[in-house]
Amino acid sequence: MPHRTSSSWYTAISGCARCGLDSAAFALLRGMRENNVPLSGFALASLVTACERWGWEEGAACGTAIHALTHRAGLMGNVYIGTALLHLYGSRGLVPDAQRLFWEMPERNVVSWTALMVALSSNGYLDEALAAYRRMRREGIPCNANAFATVVSLCWSLKDEAAGLQVAAHVVVSGLHTHVSVANSLITMFGNLGRVQDAERLFDGMEERDRISWNAMISMYSHEGACGQCFKVFSDMRRLGGVRPDVTTLCSLISVCASPEHVALGSGVHSLCHRSGLHSSVLVSNALVNMYSAAGKLDEAESLFWNMSRRDVISWNTMISSYVQNDSCVEALETLGQLLRTDEVSPNHMTFSSALGACSSPEALMDGRTVHAMVLQRNLQNNLLIGNSLLTMYSKCNLMEDAERVFQSMPCCDVVSCNVLIGGYSTLEDATNAMRVFSWMRSMGIKPNYITMINLQGSCKSSNDLRSYGMPLHAYITQTGLSSDEYITNSLITMYATCGDLESSTDIFCRINNKSAISWNAIVAANVRHGRGEEALKLFMDLRHAGNKLDRFCVAECLSSSASLASLEEGMQLHGLSVKCGLDSDCHVVNAAMDMYGKCGKMDDMLKMLPDPASRPTQCWNTLISGYAKYGYFKEAEDTFKHMVSMGKKPDYVTFVALLSACSHAGLVDKGIDYYNSMASSFGVSPGIKHCVCIVDLLGRLGRFAAAEKFIEEMPVLPNDLIWRSLLSSSRTYKNLDIGRKAAKKLLELDPFDDSAYVLLSNLYATNARWVDVDKLRSHMKTIKLNKRPACSWLKLKNEVSTFGIGDRSHIHAEKIYAKLDEILLKLREVGYVVDTSSALHDTDEEQKEQNLWNHSEKLALAYGLIAVPEGSTIRIFKNLRVCADCHLVFKLVSMVYHREIVLRDPYRFHQFKGGSCSCSDFW
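Keep in mind the model is a prediction, meaning the values are calculated, not measured.

Draft legend 1. Seen up close, the overall build of the chain. For the chain, the count of helices and strands is 50 helices and six strands. In terms of C-alpha radius of gyration, the chain reaches 37 Å, well past the compact-globule figure of 29 Å for 924 residues. Based on the C-alpha atoms only, the size of the chain along its principal axes is roughly 135 × 55 × 55 Å. Per-residue burial for the chain yields a buried fraction of 51% across its 924 residues. Across the chain, contacts joining residues at least 24 apart in sequence account for 62% of those joining residues at least 6 apart. About 43,200 Å² of surface is accessible on the chain, with carbon and sulfur atoms providing 52% of the total. The positive charge centre, built from 90 side chains, and the negative charge centre, built from 95, are 1 Å apart in the chain.

Draft legend 2. Geometry of the side chain of Ser562. Note on placement: Ser562 falls in helix 33 (residues 552-565). Taking relative accessible area as the criterion, Ser562 reaches 0% and is therefore assigned buried. Sequence-distant contacts of Ser562, defined by excluding residues within four places in its chain, comprise Leu537, Ser567, Glu570, Gly571, Leu574, Met596 and Cys600.

Draft legend 3. Region of the structure containing the UniProt feature "repeat: PPR" (unreviewed entry) in the chain. Sequence positions flagged by UniProt for "repeat: PPR" (unreviewed entry) are, in local numbering, residues 109-143, 210-244, 281-315, 414-448, 516-550, 617-651 and 652-687. End C-alpha atoms of residues 210-244 are separated by 11 Å, and the span's content is 77% helix alongside 0% strand. When the span residues 281-315 is considered, its composition is 71% helix and 0% strand, and the gap between its end C-alpha atoms is 11 Å.

Draft legend 4. Expanded view of the environment of Arg770. Inspection of the secondary structure assignment puts Arg770 in the loop between helix 45 (755-767) and helix 46 (771-783). Judged by relative accessible area, which is 34%, Arg770 ranks as partly exposed. Residues Arg770 and Phe540, spaced 230 residues apart in sequence, show a C-alpha to C-alpha distance of 49 Å. Not counting residues up to four positions away in its chain, the partners in contact with Arg770 are Leu737, Arg741 and Tyr765.

Draft legend 5. Looking closely at empty space enclosed by the protein. Counted according to the given criterion, the structure contains one cavity of 30 Å³ or more. By volume, the largest cavity amounts to about 50 Å³. As for the largest cavity, its lining consists of Asp595, Gly598, Lys599, Met606, Thr623, Ser626, Gly627, Lys630, Tyr631 and Phe910. For the lining of the largest cavity, the elements supplying multiple residues, two or more each, are helix 35 (587-599) and helix 37 (618-631). No other element matches the five residues that helix 37 contributes to the lining of the largest cavity. Looking at the lining of the largest cavity residue by residue, the classes come out as three nonpolar, four polar and three charged.

Draft legend 6. Expanded view of the side chain of Thr150. Locating Thr150 in the fold gives a position in helix 9 (residues 145-158). On the accessibility criterion, Thr150 (17% relative accessible area) is buried. A polar side-chain atom of Thr150 sits 2.9 Å from the main-chain carbonyl oxygen of Asn146. Look past the residues within four positions of Thr150 in its chain and what remains in contact with it is Thr114, Met117 and Val118.

Draft legend 7. Focus on the sheet that holds strand 2 (residues 800-804). With respect to topology, six strands assemble into an open sheet ordered 2-1-3-4-5-6, the strand pairing being mixed. The strands lining the two open edges of the sheet, one partner per strand, are strand 2 and strand 6 (917-918). Pairing geometry for strand 1 (residues 793-797) and strand 2, over five bridges, is antiparallel. By the bridge assignment for strand 2, Ser793 is matched with Phe804.

Draft legend 8. Representation of the layout of surface pockets. The volume enclosed by the second largest pocket comes to roughly 380 Å³. If you go around the second largest pocket, you meet 17 residues; those closest to its centre are Glu569, Lys796, Leu797, Thr874 and Arg876. Sorting the residues of the lining of the second largest pocket by element identifies helix 34 (568-580), strand 1 and strand 3 (875-879) as the ones contributing at least two each. Residues that form the lining of the second largest pocket fall into these classes: 10 nonpolar, two polar and five charged.

Draft legend 9. Seen up close, the packing of aromatic side chains. Tallied over the full model, the rule gives 23 aromatic pairs. Judged by centre distance (5.0 Å) and plane angle (75°), the rings of Phe509 and Trp520 are edge-to-face. A residue pair is termed long-range when its members are at least 10 positions apart, and Phe509 in helix 30 (residues 502-511) and Trp520 in helix 31 (residues 517-529) qualify at 11 residues. Per residue, the accessibility class of Phe509 equals that of Trp520, and both read buried. Seen in terms of ring centroids, Tyr628 and Tyr633 are 6.4 Å apart; in terms of plane orientation they differ by 55°. Their pairing is tilted. Classification of Tyr628 by relative accessible area gives buried; the value is 13%. Taken together through their ring pairs, the aromatic side chains of Phe641, Phe656, Tyr675 and Phe683 make up a single cluster.

Draft legend 10. Just the packing of helix 25 (residues 415-427) against helix 27 (residues 450-458), in detail. One way to put it is that helix 25 packs onto helix 27 with a least axis distance of 8 Å and a crossing angle of 15°. Taken together, the axis directions place helix 25 and helix 27 in an arrangement best described as roughly parallel. Two packed elements cross with a definite hand, and for helix 25 against helix 27 that hand is left-handed. Between helix 25, through Val415, Asn419, Ile422, Gly423 and Ser426, and helix 27, the contact on the second element is made entirely by Ile451, Thr452, Asn455, Leu456 and Gly458. Grouping the constituent residues of the contact of helix 25 with helix 27 by class yields four nonpolar, six polar and no charged.

Draft legend 11. Expanded view of helix 40 (residues 669-683). Helix length check: helix 40 (15 residues) gives 20 Å between terminal C-alpha atoms against 21 Å at 1.5 Å per residue, within 8%. At Asn677, helix 40 shows its maximal bend, which comes to roughly 35°. Three or more residues of helix 40 are buried, namely Val669, Gly672, Tyr675, Tyr676, Ser678, Met679 and Phe683. Of the surrounding elements, those touching the buried residues of helix 40 are helix 38 (634-646), helix 39 (653-666), helix 41 (689-701) and helix 42 (705-714). Downstream of helix 40 by a residue or two, Gly684 has a phi angle that is positive, lying close to 70°.

Draft legend 12. Local environment of the environment of Ile254. Among the structural elements, Ile254 can be located in helix 15 (residues 247-256). Judged by its relative accessible area of 0%, Ile254 falls in the buried class. For the pair Ile254 and Ala658, spaced 404 residues apart in sequence, the C-alpha separation works out to 44 Å. The residues touching Ile254, leaving out its near neighbours within four places in the chain, are Val269, Cys273, Val284, Ala287, Leu288 and Met291.

Draft legend 13. View of the packing of helix 15 against helix 16 (residues 263-275). In the contact formed by helix 15 and helix 16, the axes pass within 9 Å of each other and the chain directions differ by 160°. With respect to helix 16, the element helix 15 is oriented roughly antiparallel. As for how helix 15 packs across helix 16, the hand of that crossing is left-handed. Across the interface between the two elements, Leu250, Leu253 and Ile254 from helix 15 touch Val269, Leu272 and Cys273 from helix 16. The residue inventory of the contact of helix 15 with helix 16, partitioned by class, reads six nonpolar, no polar and no charged.

Draft legend 14. Examining the pattern of salt bridges more closely. Following the criterion strictly, the structure yields 31 salt bridges and no others. Arg770 is the partner of Asp773 in a salt bridge, and the nearest nitrogen-oxygen pair spans 2.8 Å. Linked by salt bridges that have partners in common, Glu161, Arg195, Asp198 and Arg201 make up one network.

Draft legend 15. Structural context of the pairing of strand 1. With respect to burial, strand 1 is a largely interior element, four of its five residues being buried. The antiparallel pairing of strand 1 with strand 2 creates a hairpin that spans two residues between the two strands, and Lys798 there sits at a positive phi of about 55°.

Draft legend 16. Expanded view of helix 28 (residues 463-479). When the terminal C-alpha atoms of helix 28 are compared, their 23 Å separation across 17 residues agrees well with the 24 Å that a helix rising 1.5 Å per residue should span. Along helix 28, the largest kink reaches about 40° and is centred on Tyr469; proline Pro472 follows within four residues of it. All of the buried residues along helix 28 are Asp465, Leu466, Tyr469, Gly470, Leu473, Tyr476 and Ile477. Packed against the buried residues of helix 28 are helix 26 (431-443), helix 27 and helix 29 (486-498). Looking one or two residues past helix 28, Gly481 carries a phi angle of roughly 80°, positive in sign.

The rules behind these values
Residues numbered from 1 in each chain as written. Predicted model: local features only at pLDDT ≥ 70, side-chain atom pairs only at ≥ 80, totals over all residues. Heavy atoms only, no water. Helix = DSSP H or I, 4+ residues; strand = E, 2+ residues; numbered from the N terminus. Rg over C-alpha atoms; globule rule 2.2 N^0.38 Å. Buried < 20%, exposed > 50% of the residue type's maximum accessible area, 1.4 Å probe, protein only. Contact = heavy atoms within 4.5 Å. Areas by Shrake-Rupley, 256 points an atom, 1.4 Å probe, with all protein chains shown as cover. Lys, Arg positive; Asp, Glu negative; His and termini not counted. Charge placed at Lys NZ, Arg CZ, Asp CG, Glu CD. UniProt positions renumbered as here; feature names shortened; annotations may be inferred. 1 Å grid on protein atoms, 1.4 Å probe; cavity = no way out; pocket = protein on both sides within 12 Å on 5 of 7 lines; lining within 4 Å. Points joined across faces, edges and corners; volume = space filled by probe spheres on them. Nonpolar A, V, L, I, M, F, W, Y, C, P; charged D, E, K, R; others polar. Polar contact = N/O pair within 3.5 Å; in protein donor to acceptor, adjacent residues only side chain to side chain. Pairing = 2+ DSSP bridges. Phe/Tyr/Trp six-rings, centres within 6.5 Å; stacked < 30°, edge-to-face > 60°. Axes fitted to C-alpha atoms, helices over the stretch in contact; angles between N-to-C directions. Parallel < 35°, antiparallel > 145°, perpendicular 65-115°, else oblique. Left-handed = near helix turned anticlockwise from the far one by under 90°. Expected span 1.5 Å × (residues − 1). Bend = angle between axes of the 7 residues up to and from the residue. Salt bridge = Lys/Arg side-chain N within 4 Å of Asp/Glu carboxyl O.

Below, the structure written as structure tokens:
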């Protein structure tokens, strides 16, 4: 051009910047300055926009230079250059620079304010961005569509419903609610706030809709899980709106299909992706991988992932997370390894967070430590998500010292961090440390939520915990208004019941005005825990009359109640009801029904219910092993364990309790110790208190007290009442006063009012003929008003339960029963029966001892069973205490002399008598 005006220079620079010819634009700037052409805000604003395309440091440096040049040229009053610089600083995260620039601007318009709000909100300063909007309003600057769209998005990011509705009112007053971009933002906000009807009204009233409008509605319904509505809007979008779906549309549709119920629809969307040519989109592929994984179709997810032509870090993260969610933890870590070996993308904090989820079990601890090392190597340990994932990993591995170290090193913690740590201590039943973390949490101003409360309540397991922590926690819940939360209140019912205070549990339940199914389940479970099976079944009837719908948890608890009562008829009725309600295929119900049949002495019916081994859940394997253990069938229990392992099922804590119990009942000490030692090394299951009780019981039954004491000293958990009670019981069998006294002392230190400690010690003294000590102990029990639980046996015929105590003559057929007892005694003496008076616990002459033993409750029940149970039917008797040696001998002989099959269940196991022998092989 022979003649160039200032406007020519400005237009040329702006045109080059818009076309991406950044070098040419800056060369023109230099030429303009050499020719003394005055600078303009318009040209400089174009160059600042070009800087946004450059790298972080280079773009920021160039922007700062233009900012300085603007100052020197006296152009800071130009709103265009000021706004462009605001955008640049915001995109580079230089929020303080953006704020300083904004307040230095002599003139600010709606575009400048919008640029400030975008800079603040895009860098996480959401509250500050909302404050900027409010100040703009106070200064009387009217909003345009862009500003409203920005602030509406800001409100749903904050999840601030009050502010959102206030801004929506401002939009309506301004008349801009008819503007498509503003209406789209409002629909998205209403959807994110769960105000579906408001979004629907706004959408229905729109005169003009674009693809974003339709996508906003589909996305909202997808977020709400309303699959039918999603596809209805999608159909209207194509039919009425004539709008073709894009990547956002398809991702929302795929997301709502991420469940087994809707995966068939999702497969249809997958086909649509191919037809529309959008299947190659990384976003769409990632959504499909997640959908198939969430629907339990891991093979399809894998195939899709490995066949993707291009993968981003989200693709890898989705696949790793899919493996973790489907318990394929080895594959998750292998995928992480492949990602680290490829040059496709770099892993981020989400990658390592998902990978740590694959290490949340003791057997994967070394893998977890390796991933932790990778996190440190990449300097990601200060990321909050990573910190919480590390806390979860160490807590689930029961390594609370490591978890504490991670917690102490985290630069910032949130409620999730504290909940994970409290949950870890709760799992270990460590109420003291759980409450310590809670106290710290409150001192730091971190607001607890319902998960915090439930974890804290779950850590309380004893009456001491209840007094020291549970009751003060209940007071805090009441004071802070958290008692209105249904989950917390129901958890209180469970806490009091677990700690032995069923009365308070019942009181809390009665105070609930609107009792949900969860409330009923909690109180039913509380009664089952306290052995009040009849009350639990009564509550079940009340639940039904109140019109509550049955769920799997309630049915499972009531089946457990029937099992504890050994009430076969009620159990069978409940099982039938579960079939009628369509709950018979639920694994919890199946397992509870199996357990009920097993505990009611119907092992054959239990075996009929077993799911196919390939699909059999761990719970069912455990119930089967436990059932065999209670009957004394060690070989069957061990074979079931081996079969379970061969099917690829991972044994858990309960599996080994059942297996070690089987070893204990069979007296196989070497087997038991071998399995105990293999728990952690071969199966990654950390030994717990119940496993230790089995080993102590096993050693004690065989009289190996030195080994039992050594084991107690070295075991990985602190001994509790079960440990000392088992040792005390065994000491009576072997008349070992020294061990018995030690165990009783420890038991009474834990609970001075433990009636079992006094009774077992008294029995130990009695077997050693130390009658003076027996009298002293019984006198002391009277002084402290402690009563021994009386022995009781019962059997059920049709709808009648017949209960017997020692020497009981209250039964309607008492005369026939005692006549039958006399007949039994005569017949047994003919085959060589001699009374085993070692079981007698009172200082009387031999004749009186024999008389007392012959009047035991289980013998009375047996006599009535021989009278009332038809020939050919099994006599099923239940007792609340362990059967004595003499009664066990009598039951064996009766099964032989009368040719009857008898099943006797006590609190510890089943005895199946047939042909003069017992399934326990006389070891119980």
